[in-house]
Amino acid sequence: MNPLLPSLQPYPFERLKQLFASVTPNAAYRPISLGIGEPRHATPQLVLDALAGATNELSMYPPTVGSPVLRRACAGWVERRYRASLDPVTQILPVNGSREALFAFAQTVVDARAAKATVICPNPFYQIYEGAALLAGAQPYYAPSDPSRNYNINWDVIPGPVWATTQLVYVCSPGNPTGAVMPMTDWEKLFELSTRYGFVIASDECYSEIYFRDDPPLGGLEAAVKVGLADFRNLVVFTSLSKRSNVPGMRSGFVAGDARILKQFLLYRTYHGCAMSGMVQAASVAAWNDEAHVVANRDLYREKFAAVTPMLAEVLDLRLPDAAFYLWASVPGGDDEGFARDLLAQYNVTVLPGSYLARRAHGHNPGAGRIRMALVAETAECVEAARRIVAFVKGATS
Ligand SMILES: Cc1ncc(COP(=O)(O)O)c(C=O)c1O
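What comes next is a walk through the structure. No experiment lies behind these values; they were computed from the predicted model shown.

Pairing is possible between side chains that carry opposite charge, provided their charged atoms lie close to one another. Throughout the structure, instances matching the rule amount to 17 salt bridges. The partner of Arg113 in a salt bridge is Asp111, with the nearest N and O atoms 3.0 Å apart. A salt bridge links Arg233 to Asp231, with the shortest nitrogen-to-oxygen separation between them at 3.2 Å. The exposure class of Asp231 is partly exposed, given its relative accessible area of 35%.

Turning our attention to the nonpolar core. Within the largest apolar cluster, 50 residues are counted, with the highest numbers of intra-cluster contacts made by Leu34, Leu312, Leu316, Phe339, Val351, Met373 and Ile389. Where this core is concerned, the elements lending two or more residues are helix H1 (12–20), helix H12 (292–313), strand S10 (326–330), helix H13 (336–347), strand S13 (370–374) and helix H14 (379–397). Ranked by residues supplied to this core, first place goes to H14 with eight residues.

Evaluation of the coordinates by the stated rule reveals 22 aromatic pairs. With centroids separated by 5.0 Å and ring planes inclined at 85°, the aromatic side chains of Phe339 and Phe392 adopt a geometry described as edge-to-face. Note that Phe339 is positioned in helix H13 and Phe392 in helix H14, a separation of 53 residues in sequence. Per residue, the accessibility class of Phe339 equals that of Phe392, and both read buried. A network of ring pairs unites the aromatic residues Tyr29, Phe339, Tyr347 and Phe392 as a single cluster.

Near the ligand, the surroundings consist of 15 residues, among which Ser98, Asp204, Tyr207, Ser240 and Ser242 are the closest. In this structure, an oxygen atom belonging to the ligand sits 2.9 Å away from a main-chain N or O atom of Arg99. Separating an oxygen atom of the ligand from a side-chain N or O atom of Arg251 is a distance of 2.7 Å. Relative to its free-state accessible area of 400 Å², the ligand is covered by the protein chains to the extent of 92%. Where the shell around the ligand is concerned, the elements lending two or more residues are helix H4 (98–109) and helix H9 (241–244). Counting residues per element, the shell around the ligand draws most heavily on H4, at three residues.

Glancing now at empty space enclosed by the protein. One pass over the structure, following the stated rule, counts three cavities of 30 Å³ or more. The volume enclosed by the largest cavity comes to roughly 180 Å³. If you trace the largest cavity, you find 17 residues lining it, with Pro122, Tyr151, Ile153, Cys172 and Gly175 closest to the centre. For the lining of the largest cavity, the elements supplying multiple residues, two or more each, are strand S5 (152–153) and strand S6 (166–172). Sort the elements by how many residues they give to the lining of the largest cavity and S6 lands first, with three residues. Here the lining of the largest cavity is built from residues that sort into eleven nonpolar, six polar and no charged.

Right, let's talk about the pairing of S13 for a bit. Remember that side chains alternate between the two faces of the sheet whenever the strand is regular. Burial within S13 is extensive, with five of its five residues counted as buried. Side chains Arg370, Arg372 and Ala374 of S13 all project onto a buried face; the interleaved residues Ile371 and Met373 project onto the opposite face, where all are buried too. Judged from the five bridges that link them, S10 and S13 form a sheet pairing that is antiparallel. Along S13, the bridge assignment pairs Ala329 with Ile371.

A few words on the layout of surface pockets. Computed from the structure, the largest pocket encloses a volume of approximately 530 Å³. Looking at the largest pocket, it is lined by 29 residues, and the ones nearest its centre are Tyr11, Gly37, Arg99, Tyr126 and Lys243. Of all the secondary-structure elements, those providing two or more residues to the lining of the largest pocket are H1, H4 and H9. The leading source of residues in the lining of the largest pocket is H4, at three residues. Tallied by class, the residues present in the lining of the largest pocket amount to 16 nonpolar, seven polar and six charged.

It is worth spelling out the sheet that holds strand S7 (residues 200–204) at this point. Taking strand neighbours across the sheet as the criterion, the eight strands line up as S2-S9-S8-S7-S6-S3-S4-S5 in an open arrangement whose pairing is mixed. Two strands lie at the open edges of the sheet, namely strand S2 (92–95) and S5, each paired on one side alone. The pairing of strand S8 (residues 235–240) with strand S9 (residues 253–257) spans five bridges and is classified as antiparallel. Following the sheet pairing, Val237 is matched in S9 by Ala256. Helix-sheet contacts for helix H3 (residues 68–82) involve S2, S8 and S9, and the interaxial angle to S2 is about 110°.

On to the packing of helix H2 (residues 45–52) against helix H11 (residues 278–288). Between H2 and H11, the shortest axis-to-axis distance is 8 Å and the interhelical angle comes to 150°. As H2 runs across H11, the sense of the crossing is right-handed. Of the residues in H11, those in contact with Leu46, Val47, Ala50 and Leu51 of H2 are Met279, Val280, Ala282, Ala283, Ala286 and Ala287. When grouped by side-chain class, the residues that make up the contact of H2 with H11 number ten nonpolar, no polar and no charged.

With that settled, the discussion passes to the sheet that holds strand S12 (residues 352–353). Reading across from one edge, S10-S13-S12 is the order of the three strands in this open sheet, with antiparallel pairing throughout. On the outer flanks of this sheet lie S10 and S12, each paired with one strand and no other. On top of the sheet, H12 reaches S10 and S13; it is set at about 5° to S10, its chief contact.

About the thresholds
Residues numbered from 1 in each chain as written. Predicted model: local features only at pLDDT ≥ 70, side-chain atom pairs only at ≥ 80, totals over all residues. Heavy atoms only, no water. Salt bridge = Lys/Arg side-chain N within 4 Å of Asp/Glu carboxyl O. Buried < 20%, exposed > 50% of the residue type's maximum accessible area, 1.4 Å probe, protein only. Core = buried A, V, L, I, M, F, W, Y, C linked by side-chain atoms within 4.5 Å. Helix = DSSP H or I, 4+ residues; strand = E, 2+ residues; numbered from the N terminus. Phe/Tyr/Trp six-rings, centres within 6.5 Å; stacked < 30°, edge-to-face > 60°. Near = heavy atom within 4 Å. Polar contact = N/O pair within 3.5 Å; in protein donor to acceptor, adjacent residues only side chain to side chain. Areas by Shrake-Rupley, 256 points an atom, 1.4 Å probe, with all protein chains shown as cover. 1 Å grid on protein atoms, 1.4 Å probe; cavity = no way out; pocket = protein on both sides within 12 Å on 5 of 7 lines; lining within 4 Å. Points joined across faces, edges and corners; volume = space filled by probe spheres on them. Nonpolar A, V, L, I, M, F, W, Y, C, P; charged D, E, K, R; others polar. Pairing = 2+ DSSP bridges. Contact = heavy atoms within 4.5 Å. Axes fitted to C-alpha atoms, helices over the stretch in contact; angles between N-to-C directions. Left-handed = near helix turned anticlockwise from the far one by under 90°.

What follows is the structure in structure tokens.
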């Protein structure tokens, strides 16, 4: 067996299952889950139609590199969204959702023979970054999100010797669970550090199209263009249709950036055997070429967050995030597990303890005392959950 496998940590939902094992939810209420961040809005008809119209693709092996038409559609979207011009032949690769690509990327990029090979992950984080680093034979370094910087990481607090051994940095912007968008000044700093120390940046941007301010979230490719990093040196961006187009089951996304790195990633993927199905490629072309369904989807989230955020802000320390579909709240008393357990027992609402989404590092767990609430259900259900949470907190503190 691979001796690195036991270093993998239990996934947050396994821990939640254990926490809830001894809890009997109050049967007077129907269950509502704000636990899992799985999109639940309807899949657009144009995607379903494109899938149904491409069944002829099933009789052929698809190429790992993807069809030219898909890569052109992805490049077109990047150009419209980020004003960044990419060569669809060398700077774009389709992937089966961002998760597998984020994992496989570390296996491609990390040289575990180097002393103390290090991968920097945000903390709290999407746990795939950590597992990818561990199985690649690297050690994760947990960079704390800083509440005083809108939950962005302060790159300046990471010591020089850590940067010196760092091979890969995962950025998550908009962030899961915080919803924070990394600002231009932080990108400038990170590009400077990458130039000085030679590490690769993997920028996970799968929530980029769900946002609550006027301006869309800044992306890594856009930031690179702004600083004149024309060849996107050492930068690869990961994006996905799962949230943008409500197709988490389709498994479709793409990576874009440094052609030198993508060439190696393609080599890895060819052996791994993870070509995207031709049917999914055809449906993805339809999705990337259409923006109307994305605007409508965003409007639904905006309406939902506008209804729920003020209700919960009355009893919990939280605010409207920049983007993504989570509320990241401090809980009264600071016991996130106890909060989640008692809320389920009394009101049959599931939330995720923040400490499950982070690691204890540098003396504390930056998720502790917080909960993550995924507002993925329809508005009425989220409002009902918010009503119950308000009653729960008021009951607990009265
Ligand atoms: C931060 C983050 N990155 C990546 C993913 C993976 O999404 P997908 O594989 O559907 O593109 C998720 C899924 O929830 C996520 O929260």
